[in-house]
Amino acid sequence: MFSPPVDTRKPPLDDDEEGALNTGSNLFVTGIHPRLTESDISRLFEKYGDVENCSIMVDPHTKESRGFGFVKMVTAEQADAAKEGLQGEVIEGRTLSIEKARRSRPRTPTPGKYFGPPKRGMFRISLLNV
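- As recorded in an unreviewed UniProt entry, the protein chain goes by the name Putative transformer-SR ribonucleo protein, listed as coming from Aspergillus uvarum CBS 121591.

Right, here's the structure in full:
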């Protein structure tokens, strides 16, 4: 008799996974000027409630700000107030855009090393070596 192969792969991540679904207090913020620090952003949001965590995403190689980040407020009500109060606010010449983050925590990092997009000169060098 024929039996179908057993699928041993892990099931895809589900939004019901503990901590994956946003409870409404985690905000995705874009339009962050590169000179602003996490403490600067926290101070902006503290006008609307308690900031649990603030993180600005940086380029892995240059460590420069990528212009977006996440602010987690203690309650969803505080997050809503901050979103309404700061949406479209111009800080250091950049307009903030705020929306609810899709997940309450970042994705689990993938193993390995990210080298970024290929560099322009690298392609020419590899052709010369051929």
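**Digging into the nonpolar core**
Here comes step 1: In terms of nonpolar packing, the biggest core is built from 18 residues, with Leu27, Val29, Ile41, Phe45, Val71 and Met73 touching the most fellow members.
Here comes step 2: Those residues in contact with Met73 that sit more than four places away from it in its chain are Ser25, Leu27, Phe45, Tyr48, Gly49, Asp50, Val51, Glu52, Gln78, Ala79 and Ala82.

**A closer look at the sheet that holds strand 3 (residues 65-73)**
Neighbouring strands of a sheet are bound in pairs by backbone hydrogen bonds; such pairs are parallel or else antiparallel.
Here comes step 1: If you walk across this open sheet you meet the 4 strands as 2-3-1-6, and the pairing is antiparallel. In this open sheet, the two strands that pair with only one neighbour each are strand 2 (51-58) and strand 6 (97-100). Adjacent strand axes in the sheet meet at a mean angle of 20°, parallel and antiparallel pairs treated alike.
Here comes step 2: Pairing analysis gives 5 bridges linking strand 1 (residues 26-30) to strand 3, with the strands arranged antiparallel.

Procedures and definitions
- Residues numbered from 1 in each chain as written.
- Predicted model: local features only at pLDDT ≥ 70, side-chain atom pairs only at ≥ 80, totals over all residues.
- Heavy atoms only, no water.
- Core = buried A, V, L, I, M, F, W, Y, C linked by side-chain atoms within 4.5 Å.
- Buried < 20%, exposed > 50% of the residue type's maximum accessible area, 1.4 Å probe, protein only.
- Contact = heavy atoms within 4.5 Å.
- Pairing = 2+ DSSP bridges.
- Helix = DSSP H or I, 4+ residues; strand = E, 2+ residues; numbered from the N terminus.
- Axes fitted to C-alpha atoms, helices over the stretch in contact; angles between N-to-C directions.

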